[in-house]
Amino acid sequence: MAGDSENGHHASGRSPQAQAQAPRVCLIGAGSSGIAAAKALHERGIPFDCYEKSDRVGGNWVFENQNGMSAAYRDLFINTSRPRMEYSDFPMPESYPDFPHHTQIAAYFEQYVDHFGLRDLITFQTGVQHAARSRDGVWTVELDSGETRRYEALIVANGHHWDPRWPEPAFPGADTFTGEQLHAHSYLENSIFAGKRVVVLGMGNSAMDIAVESSYVAEHTYLAARQGVWIIPKYVFGKPVDQLRNDPRVPFKVRQRMLQQLIRSYAGPPERYGLPKPNHRFGEAHPTVSGRILDRIQHGTITPKPNIASFEGAQVRFADGSTAEADVVVYCTGYKITFPFFDEDFISAPENHIELFRRVFHPDIPNVFFIGLLQPLGAIMPLAEAQGEWVGDYLLGDYALPAGAVLRADIAADQAAMRERYVASKRHTIQVDFDDYLRALAKERREGALRARANGYLPPALCRPSVATTAS
Ligand SMILES: Cc1cc2nc3c(=O)[nH]c(=O)nc-3n(C[C@H](O)[C@H](O)[C@H](O)COP(=O)(O)OP(=O)(O)OC[C@H]3O[C@@H](n4cnc5c(N)ncnc54)[C@H](O)[C@@H]3O)c2cc1C
Ligand SMILES: NC(=O)c1ccc[n+]([C@@H]2O[C@H](COP(=O)([O-])OP(=O)(O)OC[C@H]3O[C@@H](n4cnc5c(N)ncnc54)[C@H](OP(=O)(O)O)[C@@H]3O)[C@@H](O)[C@H]2O)c1
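Residues numbered from 1 in each chain as written. Chains lettered and ligands numbered in written order. Predicted model: local features only at pLDDT ≥ 70, side-chain atom pairs only at ≥ 80, totals over all residues. Heavy atoms only, no water.

Examining the site of ligand 1
Using the following cut-off: One heavy atom within 4 Å of a molecule or strand is enough for the residue carrying it to be called near that molecule or strand. Under this definition, polar contacts are N or O atom pairs within 3.5 Å; protein pairs additionally need one hydrogen-donor-capable and one acceptor-capable atom, and for neighbouring residues in sequence, both atoms have to be side-chain atoms. Here, Shrake-Rupley sampling with a 1.4 Å probe gives the accessible areas, and only protein chains in the shown set may cover a residue. Each residue is assigned to one of three groups, with Ala, Val, Leu, Ile, Met, Phe, Trp, Tyr, Cys and Pro labelled nonpolar, Asp, Glu, Lys and Arg labelled charged, and all others, Gly among them, labelled polar.
Near ligand 1 there are 30 residues, and of these Ser33, Glu52, Asn67, Thr80 and His161 occur at the shortest range. Interatomic distance of 2.9 Å between a backbone N/O atom of Asn60 and an oxygen atom of ligand 1. Backbone polar atom of Val128 to a nitrogen atom of ligand 1: 2.8 Å apart, as the coordinates give it. With the chains in place, 94% of the 990 Å² that ligand 1 exposes on its own is no longer accessible. A breakdown of the residues in the shell around ligand 1 according to their chemical character gives 13 nonpolar, 15 polar and two charged.

Looking at the sheet that holds strand 18 (residues 315-318)
Keep this limit in mind: The rule for pairing is simple: two strands pair if DSSP sees at least two bridges between them. Secondary structure elements are defined from DSSP: runs of H or I of at least 4 residues count as helices, runs of E of at least 2 residues count as strands, and each element is numbered from the N terminus. With axes taken as lines fitted to C-alpha atoms, and helix axes fitted only over the stretch in contact, angles between N-to-C directions fall between 0 and 180 degrees.
Sheet architecture is open: three strands sit in the order 17-18-19, paired in antiparallel fashion. With one partner strand each, in any of the chains shown, strand 17 (308-312) and strand 19 (323-325) form the two edges of the open sheet. Sheet twist, expressed as the average angle between the axes of neighbouring strands with direction ignored, equals 25°. The sheet contact formed by strand 18 and strand 19 spans three bridges and is antiparallel.

What to know about helix 6 (residues 252-267)
Applied cut-off: In this analysis, the expected span of each helix is defined as 1.5 Å times one less than the number of residues it contains. Categorising residues by exposure relies on relative accessible area from a 1.4 Å probe, with only protein chains included: less than 20% of the type maximum marks a residue as buried, more than 50% marks it as exposed, and the intermediate range marks it as partly exposed. Our arc is simply the arc of the directions from the helix axis toward the C-beta atoms. In what follows, residue pairs with any heavy atoms lying within 4.5 Å of each other are defined as contacts.
For helix 6, built from 16 residues, the straight-helix expectation of 22 Å at 1.5 Å per residue is met to within 8% by its first-to-last C-alpha distance of 22 Å. When helix 6 is considered as a whole, its buried residues turn out to be Arg255, Gln256, Gln260, Leu262, Ile263 and Ala267. Down the axis of helix 6, the sector holding all buried residues measures 160°, keeping them to one side. Opposite the buried face of helix 6, by more than 90 degrees, sit the exposed residues Arg257, Met258, Gln261 and Ser265. Along its buried surface, helix 6 packs onto strand 12 (231-232), strand 13 (235-236), helix 7 (293-298) and helix 10 (434-454). Positive phi appears at Gly268, one or two residues downstream of helix 6, with a value of about 75°.

Let's talk about the sheet that holds strand 5 (residues 139-143)
Ordered by their spatial adjacency, three strands build an open sheet running 4-5-6, and the pairing between neighbours is antiparallel. Each of the sheet's edge strands pairs with one partner strand only, and the pair in question is strand 4 (128-133) and strand 6 (148-151). Along the sheet, successive strands turn relative to each other by an average axial angle of 20°, direction set aside. Across four bridges, the pairing between strand 5 and strand 6 is antiparallel. When the sheet's bridge partners are listed, Glu142 is paired in strand 6 with Thr148.

What to know about the site of ligand 2
Around ligand 2, the surrounding shell holds 26 residues, and the nearest of these are Asn205, Ser206, Gln227, Gln375 and Ser425. Between ligand 2 and Asn205, the relevant distance is 2.8 Å, taken from an oxygen atom to a side-chain nitrogen or oxygen of the residue. In the environment of ligand 2, a nitrogen atom lies 3.1 Å from a nitrogen or oxygen atom belonging to the side chain of Asp209. A total of 910 Å² of accessible area belongs to ligand 2 in isolation, and the protein chains cover 88% of it. The greatest single-element share of the shell around ligand 2, amounting to three residues, is contributed by helix 5 (residues 205-215). Class assignment for the residues of the shell around ligand 2 results in ten nonpolar, 13 polar and three charged.

What about the confidence of the model for the protein?
Applied cut-off: One number per residue, pLDDT, summarises how confident the predictor is, and it ranges from 0 to 100.
Residues at a pLDDT of 70 or more form 94% of the protein, whose mean pLDDT is 93. Of the regions scoring below 50 in pLDDT, residues 1-12 engages in 31 contacts with residues more than four places distant in sequence or in other chains.

Focus on the pattern of salt bridges
What counts, and what does not: For this analysis, a salt bridge means a side-chain nitrogen from Lys or Arg found within 4 Å of a carboxyl oxygen belonging to Asp or Glu.
Throughout the structure, instances matching the rule amount to 29 salt bridges. Put simply, Arg44 and Glu43 hold a salt bridge, and the shortest N to O gap is 4.0 Å. Residue Asp414 is joined to Arg359 by a salt bridge in which the shortest nitrogen-to-oxygen separation is 2.8 Å. Of the two residues, Asp414 sits in helix 9 (residues 404-421) while Arg359 sits in the loop between strand 21 (335-336) and strand 22 (368-370), which places them 55 residues apart along the sequence. On the basis of relative accessible area, Asp414 is assigned to the partly exposed category, the value being 27%. Residue class for Arg359 comes out buried when judged on its relative accessible area of 2%. A single network of salt bridges, built from pairs that share partners, joins Lys39, Glu43, Arg44, Asp89, Glu389, Asp393 and Arg445.

As for the packing of helix 8 (residues 381-395) against helix 10
Pairs of packed helices are described in terms of their axes, by the angle between the two and the distance that separates them. Worth spelling out the cut-off: For classification purposes, an angle smaller than 35 degrees is called roughly parallel, one larger than 145 roughly antiparallel, one from 65 to 115 roughly perpendicular, and anything else oblique. The sense of a crossing depends on the near helix, which, turned anticlockwise from the far helix by less than a right angle, makes the crossing left-handed and, turned clockwise, makes it right-handed.
Put simply, helix 8 and helix 10 touch, their axes get as near as 10 Å, and they point 15° apart. The angle between the axes of helix 8 and helix 10 places the two elements in the roughly parallel class. For the pair helix 8 and helix 10, the sense of crossing is left-handed. Listed contacts from helix 10 to Pro382, Leu383, Ala386, Gln387, Glu389, Trp390 and Asp393 of helix 8 are Phe434, Tyr437, Leu438, Leu441, Glu444 and Arg445. Grouping the amino acids of the contact of helix 8 with helix 10 by side-chain chemistry returns eight nonpolar, one polar and four charged.

Observations concerning the side chain of Arg296
Selection rule: Positive charges come from Lys and Arg alone, negative charges from Asp and Glu alone, with His and the N- and C-terminal ends not counted.
For Arg296, the location among the structural elements is in helix 7. Asp295 provides the closest opposite charge to the buried, unpaired Arg296, separated from it by 7.4 Å. Setting aside anything within four residues of it in sequence, one finds Arg296 in contact with Val212, Ser215, Tyr216, Thr301 and Ile302.

Observations regarding the side chain of Ser54
Tracing the backbone shows Ser54 in the loop between strand 2 (48-51) and helix 3 (82-85). The class for Ser54 is buried, based on a relative accessible area of 0%.

Focus on the packing of aromatic side chains
Spelled out, the test is: Aromatic pairs are defined between Phe, Tyr and Trp rings, using the six-membered ring for Trp, whenever the two ring centres lie within 6.5 Å; interplanar angles under 30 degrees are classed as stacked, those over 60 as edge-to-face, and all others as tilted. In this scheme, Lys NZ or Arg CZ marks a charge over a ring once it lies within 6 Å of the ring centre and within 35 degrees of the ring normal.
By the definition in use, this model includes 33 aromatic pairs. Pairing Trp139 with Phe342 gives two aromatic rings, centres 5.9 Å apart and planes at 40°, and the pair type is tilted. Here the residue Trp139 occupies a position in strand 5, and Phe342 occupies one in the loop between strand 21 and strand 22, the gap between them amounting to 203 residues. Comparing Trp139 with Phe342 shows no difference in burial state: the two are buried. Members of the aromatic cluster, joined through ring pairs, are Tyr87, Phe90, Tyr108, Phe109, Tyr112 and Phe116. Across the ring face of Phe252, the terminal group of Arg421 is positioned such that the distance to the ring centre comes to 3.8 Å.

Structural data, given as structure tokens:
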């Protein structure tokens, strides 16, 4: 950040006066995104309360989390490699493998919190029930303990992989199906598939993992999909695939061609395995990473199928007219982005759509911020870390946003670029490229630091009344 000793700013750009005037912040959630934001606030001396529903940090990575929100299953391993997932200033232990188990990931987040002295700053087993922005711009936050508190800023880090999206509408006859229907979110271990005929629906990472797990114990597993994807192996050239050089200065189209060629030379086209032909080029859908699915298909334990068309009793009919008897159907159909603590007509993400400046700043509300609300080609944690620092700088006046019109044009351009690049799907509404996002954010922070300096490091007018107000 730009420093200016004449203004009483340290090399970091922060002044004791700025810290003394810092707004009081409410931070919702202590998953991997929330703890990164907590660290950024703590380091900057910004006072905050972090509320966490669970009795521990780590959110999704806590198997059988008492908050009921974790999608982790007993045999879940990360699919973004360790160096991609770790925070920039807190490496995962050297003893960890390239793709650690969820227990190791959860332990890492616990260590992070202790290392940076954050544990005592988190109020555990306390959920935010309701958050409303009053006419004076201050947030009124109701906790599930029954208490109400007021804050000048609100940071939302409540995660976006916990509210299951079931097929909407349900498939015809789904209510007549005699077997069990579950969503990937509630899947825990493959013992439920032992000796059964299983249909797994979807082509994302949940579908890959669950179909593979099922294939070891089920009588037979069918993998149904409404459209094809490129399946990326975990390793290429002996390296985790996300460790291949990916220079954001090289045009995306060039990188795309190279990677698609690489994937094709590794496994050939997905159609070779009976999977649907992707209707898009590589990089135009959220990556499906699996080192095992193609083997399991080639071993005859998984049969690819098109989308489910309907159910009748124990029978599942697929879109090509073929049928299979089934005992279990697992909907690996993704998640909804929801903020249960906001009034729906105030802030929501219908069809997973929410427009934010670089996925963090709300264009109409100057004192609400979203951390980790993005779907990277790569891991979320280092991005959440950078976002937390960015918001921290903003709250102290060390970063100034661009003018409203510029900000809105940026959001519109970003939305247009996403629509153009990605296959139309509710899962492609908050996509970013890991390296590109970090690079663009660093540039934006540099530019915003210069604007802040030109403004004399004026703190942001957080509580100014705005059109977006929910309560009187
Ligand atoms: C099966 C699965 C595997 C995944 N694998 C990877 C991977 O390999 N790599 C990767 O980068 N990403 C992966 N992801 C994405 C996942 O979203 C991130 O890894 C990570 O969990 C995001 O962290 P988060 O803090 O944003 O959300 P979460 O982990 O969901 O944490 C949110 C936290 O907020 C708390 N909270 C929510 N609402 C409230 C409230 N109202 N009041 C108080 N507290 C609240 C919750 O209790 C929770 O602790 C995976 C997702 C799934 C479903
Ligand atoms: N090992 C791991 O680390 C791991 C494991 C599991 C999940 N994850 C992560 O968790 C997140 C969620 O992944 P996910 O696989 O659960 O969800 P997802 O990526 O959103 O994928 C959902 C899949 O279901 C399909 N689908 C949705 N609605 C459908 C419908 N009505 N009918 C038929 N198909 C439908 C989608 O198809 P369309 O593309 O056509 O919409 C897509 O193939 C991702 O970030 C993923 O990387 C990671």
